[in-house]
Amino acid sequence: MSARLPVLVALVALVAAMAVGVSVGPADISLPTVLSALLGHVPLIHYHSHTSTVDWDVIWQVRLPGVVLGGLVGAMLAGGGAAYQGVFRNPLADPYLLGVAAGAGLGPP
């Protein structure tokens with residue numbers, strides 16, 4: 001089995017989860033509105049979004065930064081976990097192996 005298919009499926013799932021994450025919240029913004037606002041910023045497509053100013057600001061200034069930050073934090077945690085498992089050649093390696101979890105609890109709140 002080629003490694004491209006699982007990577008493609010994971011990428012599509014990530015983009016779908018991020019789009020749903022941007023659309024869910026106290027302000028009622030539908031998924032097509034979010035997709036329209038996001039497509040308005042894709043280069044070389046020349047798509048003009050008819051999203052209201054309030055929805056545009058909620059999407060781009062409130063929700064999208066949090067969703068992108070959550071994705072980056074998840075990617076960093078996954079990279080750290082993969083590095084741990086690669087260094088120790090153990091698929092069950094965790095942060096408690098060297099006391100990293102206890103050291104993380106020592107820092108300021």
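As the structure is a prediction and not an experimental result, all values here were calculated from the model. (Residues numbered from 1 in each chain as written. Predicted model: local features only at pLDDT ≥ 70, side-chain atom pairs only at ≥ 80, totals over all residues. Heavy atoms only, no water.)

Colleague: Please clarify how the overall build of the protein chain should be interpreted in this entry.
Modeller: A count of helical and extended segments in the protein chain gives four helices and zero strands. Overall, the protein chain shows an N-to-C arrangement of helices and strands of α-α-α-α. Taking 2.2 N^0.38 as the reference for a compact globule, 109 residues should give roughly 13 Å; the C-alpha atoms of the protein chain span a radius of gyration of 19 Å, well beyond that estimate. By principal-axis analysis of the C-alpha atoms, the protein chain measures approximately 55 × 45 × 20 Å. Here the protein chain, with 109 residues, has 15% of them falling under the buried criterion. Carbon and sulfur atoms make up 72% of the accessible area of the protein chain, which amounts to about 8,200 Å² in all. (Helix = DSSP H or I, 4+ residues; strand = E, 2+ residues; numbered from the N terminus. Rg over C-alpha atoms; globule rule 2.2 N^0.38 Å. Buried < 20%, exposed > 50% of the residue type's maximum accessible area, 1.4 Å probe, protein only. Areas by Shrake-Rupley, 256 points an atom, 1.4 Å probe, with all protein chains shown as cover.)

Colleague: Got a minute to help me understand the layout of surface pockets in this structure?
Modeller: As a volume, the largest pocket reaches approximately 180 Å³. Taken together, Val15, Ala16, Met18, Ala19, Val20, Val22, Leu31, Leu35, Leu38, Leu64 and Val68 form the lining of the largest pocket. Put simply, the parts of the chain that give the lining of the largest pocket at least two residues each are α1 (4-23), α2 (31-39) and α3 (53-88). (1 Å grid on protein atoms, 1.4 Å probe; cavity = no way out; pocket = protein on both sides within 12 Å on 5 of 7 lines; lining within 4 Å. Points joined across faces, edges and corners; volume = space filled by probe spheres on them.)

Colleague: I'm lost on the packing of α2 against α3 in this one. Help?
Modeller: When two helices pack together, their arrangement is captured by the angle between the axes and the distance separating the axes. Between α2 and α3, whose axes approach to 10 Å, the crossing angle comes to 80 degrees. The orientation of α2 with respect to α3, classified from their angle, is roughly perpendicular. Residues Thr33, Val34, Ala37 and Leu38 of α2 pack against Asp55, Trp56, Ile59, Trp60 and Leu64 of α3. Of the residues belonging to the contact of α2 with α3, the class tally is seven nonpolar, one polar and one charged. (Axes fitted to C-alpha atoms, helices over the stretch in contact; angles between N-to-C directions. Parallel < 35°, antiparallel > 145°, perpendicular 65-115°, else oblique. Contact = heavy atoms within 4.5 Å. Nonpolar A, V, L, I, M, F, W, Y, C, P; charged D, E, K, R; others polar.)

Colleague: When you look at a nonpolar patch on the surface in this model, what are you seeing that I'm missing?
Modeller: Residues Val87, Phe88, Leu97, Leu98 and Val100 make up a contiguous nonpolar surface patch of roughly 460 Å² in combined accessible area. Mapped onto the secondary structure, Val87 falls in helix α3. (Patch = residues over 30% accessible without salt bridge, like charges linked within 9 Å, V, L, I, M, F, W, Y side chains within 5 Å. Salt bridge = Lys/Arg side-chain N within 4 Å of Asp/Glu carboxyl O.)

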